[in-house]
Amino acid sequence: MQISSNFDSGNIEVIDASNPKQVLLAIRPDLNSAHFQWFHFKVEGLQPGQRYGFSLSNAGQSSYKNAWSGYHAVASYDQVNWFRVPSRFEDGALNFDIETQQAQVWFAYFEPFSRARHDQLIEDAQRLAGAELFATGRSIEGRAIELLRISRNPQAQRKIWLIAQQHPGEHMAEWFMQGLIERLQLTDDAELSALLEQADLYLVPNMNPDGAFRGHLRTNYAGRDLNRAWQSASEADSPEVYFVQQQMRAVGVDLFLDIHGDEEIPHVFAAGCEGNPGYSPRLERLEEQFKQLLVQHGAEFQTVFGYPRDEPGQANTTLACNAVGLEFDCLAFTIEMPFKDHDDRPDPSTGWSGARSMQLGKDVLSVAAAMVGQLRDQ
Ligand code: ZN
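Residues numbered from 1 in each chain as written. Predicted model: local features only at pLDDT ≥ 70, side-chain atom pairs only at ≥ 80, totals over all residues. Heavy atoms only, no water.

*Asks:* Mind showing me how you'd approach the coordination of the zinc ion here?
*Replies:* For a metal bound by four donors in tetrahedral geometry, the ideal donor-metal-donor angle is 109.5 degrees, whereas six donors in octahedral geometry ideally sit at 90 or 180 degrees. Surrounding the zinc ion are the protein donor atoms His167 (ND1), Glu170 (OE), Glu170 (OE) and His260 (ND1), at 2.1 to 2.5 Å. One can describe the donor arrangement at the zinc ion as irregular, given that its four donor atoms subtend angles of 56 to 146° at the metal. Written as a sequence motif, the donor arrangement for the zinc ion is H-x2-E-x89-H. Of this pair, glutamate 170 sits in the loop between strand 13 (158-164) and helix 2 (172-183) while histidine 260 sits in strand 15 (residues 255-262), and the two are 90 residues apart along the sequence. (Donors = N, O, S within 2.8 Å, 3.2 Å for Na, K, Ca; no water. Tetrahedral: all angles 85-135°; square planar, octahedral: opposite > 155°, others 65-115°. Helix = DSSP H or I, 4+ residues; strand = E, 2+ residues; numbered from the N terminus.)

*Asks:* Explain empty space enclosed by the protein to me, please; I cannot follow it from the model alone.
*Replies:* Unfilled space is identified by rolling a water-sized probe across the atoms. Counted by the stated rule, this structure contains one cavity of 30 Å³ or more. Computed from the structure, the largest cavity encloses a volume of approximately 60 Å³. Contributing to the lining of the largest cavity are Asp8, Ser9, Phe113, Ser114, Arg115, His118, His171, Glu174, Asn206, Pro209, Ala212 and Phe213. Considering every element that reaches the lining of the largest cavity, the biggest residue donor is helix 4 (residues 209-213), with three residues. In the lining of the largest cavity, the residues fall into four nonpolar, five polar and three charged. (1 Å grid on protein atoms, 1.4 Å probe; cavity = no way out; pocket = protein on both sides within 12 Å on 5 of 7 lines; lining within 4 Å. Points joined across faces, edges and corners; volume = space filled by probe spheres on them. Nonpolar A, V, L, I, M, F, W, Y, C, P; charged D, E, K, R; others polar.)

*Asks:* Looking at this model, I keep getting lost on the side chain of aspartate 262. Mind explaining?
*Replies:* Mapped onto the secondary structure, aspartate 262 falls in strand 15. There is no salt bridge for the buried aspartate 262, and the closest opposite charge comes from lysine 340, which lies 7.2 Å off by N-O distance. Within polar-contact distance, the side chain of aspartate 262 engages the backbone nitrogen of isoleucine 265 at 2.7 Å. Contact partners of aspartate 262, with chain neighbours within four places excluded, come to Phe269, Tyr307, Glu336, Met337, Pro338 and Phe339. (Buried < 20%, exposed > 50% of the residue type's maximum accessible area, 1.4 Å probe, protein only. Lys, Arg positive; Asp, Glu negative; His and termini not counted. Salt bridge = Lys/Arg side-chain N within 4 Å of Asp/Glu carboxyl O. Polar contact = N/O pair within 3.5 Å; in protein donor to acceptor, adjacent residues only side chain to side chain. Contact = heavy atoms within 4.5 Å.)

*Asks:* Any chance you could explain the pattern of salt bridges here in plain terms?
*Replies:* Taken as a whole, this structure holds 24 salt bridges when the rule is applied. With a shortest N-O distance of 3.0 Å, glutamate 141 and arginine 143 are connected by a salt bridge. A salt bridge links arginine 143 to aspartate 210, with the shortest nitrogen-to-oxygen separation between them at 2.9 Å. One end of the pair, arginine 143, is in the loop between strand 11 (132-138) and strand 12 (144-150); the other, aspartate 210, is in helix 4, with 67 residues separating them in the sequence. Several salt bridges share partner residues, and in doing so they unite Arg51, Arg88, Glu90, Asp97 and Glu99 into one network.

*Asks:* Is there a simple way to explain the sheet that holds strand 16 (residues 269-271) in this structure?
*Replies:* Hydrogen bonds along the backbone pair up the strands of a sheet, which may run parallel or antiparallel. The mixed open sheet is built from seven strands, whose spatial order is 11-12-14-13-15-17-16. Across the chains shown, the open sheet's two edge strands, defined by having one partner strand only, are strand 11 and strand 16. Averaged over neighbouring strand pairs, the angle between their axes works out to 20° when direction is ignored. When strand 11 meets strand 12, the two strands line up antiparallel, connected through six bridges. Bridge pairing in strand 12 places glutamate 132 opposite arginine 149. Set on the sheet, helix 1 (residues 115-128) makes contact with strand 11 and strand 12; between it and strand 12 the angle comes to about 25°. Contacts between helix 6 (residues 281-296) and the sheet are confined to strand 15 and strand 17 (331-338), with strand 17 contributing the most and set at about 35° to the helix. (Pairing = 2+ DSSP bridges. Axes fitted to C-alpha atoms, helices over the stretch in contact; angles between N-to-C directions.)

*Asks:* Would you mind going over the layout of surface pockets with me for this structure?
*Replies:* Considered as a void within the structure, the largest pocket measures approximately 670 Å³ in volume. Around the largest pocket, the lining comprises 36 residues; the ones closest to its centre are Phe269, Ala271, Tyr307, Pro308 and Glu336. Considering only residue class, the lining of the largest pocket consists of 13 nonpolar, eleven polar and twelve charged. A volume near 180 Å³ is recorded for the second largest pocket. Along its surface, the second largest pocket is lined by Phe7, Asp8, Ser9, His40, Gln79, Val80, Trp82, Glu111, Pro112, Ser114, Arg117 and Trp175.

*Asks:* It is not clear to me how the confidence of the model for the chain should be interpreted in this structure. Could you clarify?
*Replies:* Looking at the chain as a whole, the pLDDT averages 98, with 100% of positions reaching at least 70. Looking across the chain, the model is least confident in helix 3 (residues 190-198), with a mean pLDDT of 97, and most confident in strand 13, with 99. (pLDDT = per-residue confidence, 0-100.)

*Asks:* Sorry, what's going on with the environment of alanine 369 here?
*Replies:* Note that alanine 369 resides in helix 8 (residues 354-371). Sequence separation between alanine 369 and isoleucine 145 is 224 residues, and the spatial gap between their C-alpha atoms is 26 Å. Excluding its chain neighbours within four sequence positions, the residues that come into contact with alanine 369 are Glu191 and Leu195.

Dropping the structure here:
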């Protein structure tokens, strides 16, 4: 049996592979940071029909300890179709096994969105969805951070921004972007036409390419949590945020969505700006309307479960959502999708998945279309 993780978004260390019924593994921390949770590795040389067991021995020391109960790892034989394998959190380790159908299998924390798929998405957005490459930032290691613009009416007044995967292990965020960009390719979509009549879209499909490539959970190459850097972004250690802030200040923002995954809560939910200084009845109405429309639209989304609400004036303005909402006095949300499942509509075979993330990205465009006329008029 050979175990490897020396590839895009790979992360595992082999401790002891001598017992194929219980291969001992450990998750490697982010570079320059103590965070870890994301794992992704390939196992080769297996006998089809045999059962193999794997144990992530340091899972109990990971960043989010409540992430593992009710969680099941994902596996794939072809890196296309991913399915859940029953997993158990026992004595500080995450254990799962598989009666393999193939000689090789991949395991991951969530269906990975590869850099190759990212490059294809950027190309498709331009070739098929009419997006332009508006600007390109650079990560610390020099990877491109593409800012796409979709502008179909030169008179459009509103600027709608979506950014994804500031936290590099949250691969569902770029699946969301892929779904959204696929919908932009439709030519007979009345909601989309109405939206783009009034608004330009600004999209950053991957904010943290170094962290994603390196198999990080939380931080960039410098060990910075980008979603805590929005009051102190610098070209030296958070150029990813610095770039996007410069672009936002040049363009303006009327609606901002920051797309994430949550390790612990088994529901899709949104977090708003209620703790911001200057949070107004206008913003409160817009937030309520956005959430209600998403529910009414039938999206996989709910408003019962989520983070505790911030007390008035107590928001952490180093978060993108709060920082952008405050600076631009606009509707701003963090959208959180689960690593586990959306328990309002559970699917044990896949759990929350890339496909479900894509559908949510499409659904959000319907809500943006319904609200675009009111973003500044209340
Ligand atoms: Zn996140």
